[in-house]
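Listed below, chain by chain, are the residues.
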Amino acid sequence: MGGQASKDAKAKQEADKAAAEAKEKAASLHLLIALGPEEVGSGSPDEWHSFSLHASTARAIPDSLARLTSLTILIIEGCDNLSALPENIGELKKLTRLLIKSCPMLHVLPTSLGALDRLASLQIGQCSIEALPESFGDLGSLTHLNLDLAALKKLPANFGKLVALAHLDLALSSLQELPESMCHLTALQELNWRQYSSFCRGVKQGDGSSSKITQLPESIGNLTSLKKVSLSYLRLKVLPESIGRWTTLETLILHSLKDLSALPGSIGDLLRLTRLKIAFCRIETLPVSFAGLSAVTDLEFSYCEQLCGSSLHVLGRMKSLLRLNIECCDNFENLPESIGDSTTLQSITLRGAYDDKVVSISPNIDLPIELPRESAHVKSVSGGASSQHWGLDES
């Protein structure tokens, strides 16, 4: 009988322990639900696949979040008072997507973030985060990364360990340097890097003036899987010759690089480039190698105030050019006659005011040229048979 009593006592002890754990779990999950999530998964909390917290007044998220072991999507957005994430967030082993946005009081991320080894998409924006944990480089499954952080001054030294990264979007107005390891992101297909950050109430904004990055390292040429690159509002003075190794690149956008006055000669090696847009840059002339851009179909120059029309003579030798758009390039005075040699060019568009300059177009350029009526500052144009379609203000 003594043995039976001992078994009964042990069974009761285990039952009491299980009941206590269940009660604790229910209470902790109640804390999560009390946060007022906008969206949760169906079924019991153990089966939830998504948890979305929007505009909560909470200052912290309880550690019990890690009990949602089936969670694959976690969204935390617009929480003005949130100053901490649970330190055990790395226990959400099934998490594949994490979005943290518009939480101005959030200054740090948990070290355990790097333990999210299934995380494929990470977006962190409009928070006051000044540094990323060193474990960040351990996110080996990450394919999409978007960082919009005005206070962030540097990326982790092991950033290049994100070997699966295919899409990288950076808006970092205080960034001081790029990690050397970035050249190891050989799976990267899309790079969108701008200096400014999106506005968020309560987040200190940078204007790019504090950034010390004026050039890209030559090792950036190692990113040989790139298909699209957009660089905007940066203080870059030069682009490295090594960008000629971006042989898979299809789209290149250079916008508001106001210190950039020249393009590298190697740009002509981008044989798969189909779209090129250059806007608000100080570029004066185009390198001779520009003619080697044999796949470019769409070419646009906008607000390049130093660009001389005579430097466009290389465009007539571009083998695939279909559309040429020139907008508000104040130093632009003529379309070189050699453009008429193009066998592929279908249309030329001139837009914007050119003050009192005369835009001269050779009669040998017998192509549809669109010059909208709002370009009233163009006083006269000489051209071929298509001039009657330009819609000029003759007053």
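So, here is what we can say about the structure in this document. Please read these numbers as outputs of a predicted model, since none were measured by experiment. (Residues numbered from 1 in each chain as written. Predicted model: local features only at pLDDT ≥ 70, side-chain atom pairs only at ≥ 80, totals over all residues. Heavy atoms only, no water.)

**Details of the overall build of the protein**
Of regular secondary structure, the protein possesses 1 helix and 17 strands. In the protein, which comprises 395 residues, the proportion classed as buried is 49%. The long-range share in the protein, meaning contacts at least 24 apart out of those at least 6 apart in sequence, stands at 45%. (Helix = DSSP H or I, 4+ residues; strand = E, 2+ residues; numbered from the N terminus. Buried < 20%, exposed > 50% of the residue type's maximum accessible area, 1.4 Å probe, protein only. Contact = heavy atoms within 4.5 Å.)

**With respect to the side chain of Thr248**
Take Thr248: it is sitting in the loop between strand S9 (228-232) and strand S10 (251-255). In this structure Thr248 comes out as buried when scored by relative accessible area, which is 19%. A distance of 3.5 Å separates a polar atom in the side chain of Thr248 from the backbone oxygen of Ser225. In this structure Thr248 touches Thr224, Ser225, Leu226, Lys227 and Arg272, once residues within four positions along its chain are discounted. (Polar contact = N/O pair within 3.5 Å; in protein donor to acceptor, adjacent residues only side chain to side chain.)

**Brief notes about the pairing of strand S8 (residues 190-194)**
In summary, the side chains of a regular strand alternate between the two faces of the sheet. Counting buried positions over the 5 residues of S8 gives 4, a clear majority of the element. As judged from the 5 bridges shared by strand S7 (residues 167-171) and S8, these two strands associate in the parallel manner. Each bridged residue has a counterpart across the sheet, and for Ala171 the counterpart in S8 is Arg194. Direction of pairing for S8 relative to S9: parallel, over a ladder of 5 bridges. Its bridge partner being in S9, Asn192 is matched across the sheet by Ser230. (Pairing = 2+ DSSP bridges.)

**Examining the pairing of strand S5 (residues 121-127)**
The element S5 is extensively covered by neighbouring structure, given that 5 of its 7 residues are classed as buried. The pairing of strand S4 (residues 97-103) with S5 spans 6 bridges and is classified as parallel. By the bridge assignment for S5, Leu99 is matched with Gln123. Bridge count between S5 and strand S6 (residues 144-148): 5 bridges; the pairing is parallel. When the sheet's bridge partners are listed, Gly125 is paired in S6 with Asp148.

**Remarks on the nonpolar core**
One broad trend across soluble globular proteins is that nonpolar side chains are buried collectively. Phe290, Phe301 and Leu315 are the most contacted members of the largest nonpolar core, which totals 98 residues. Beyond its immediate chain neighbours, meaning those up to four positions away, Phe290 contacts Leu263, Ile267, Leu276, Leu299, Phe301, Val314, Leu315 and Met318. (Core = buried A, V, L, I, M, F, W, Y, C linked by side-chain atoms within 4.5 Å.)

**Quick look at the pattern of salt bridges**
If you walk through the whole model with that rule in mind, you get 3 salt bridges. Between Asp138 and Lys161 there is a salt bridge, with its nearest N and O atoms 3.0 Å apart. Placement of Asp138 in the loop between S5 and S6 and of Lys161 in the loop between S6 and S7 is noted, with a sequence separation of 23 residues between them. Notably, a salt bridge pairs Arg323 with Asp298, separated by 2.6 Å at the nearest N-O pair. In this pair, Arg323 is assigned in strand S13 (residues 323-327) and Asp298 in strand S12 (residues 298-302), connecting sequence segments 25 residues apart. (Salt bridge = Lys/Arg side-chain N within 4 Å of Asp/Glu carboxyl O.)

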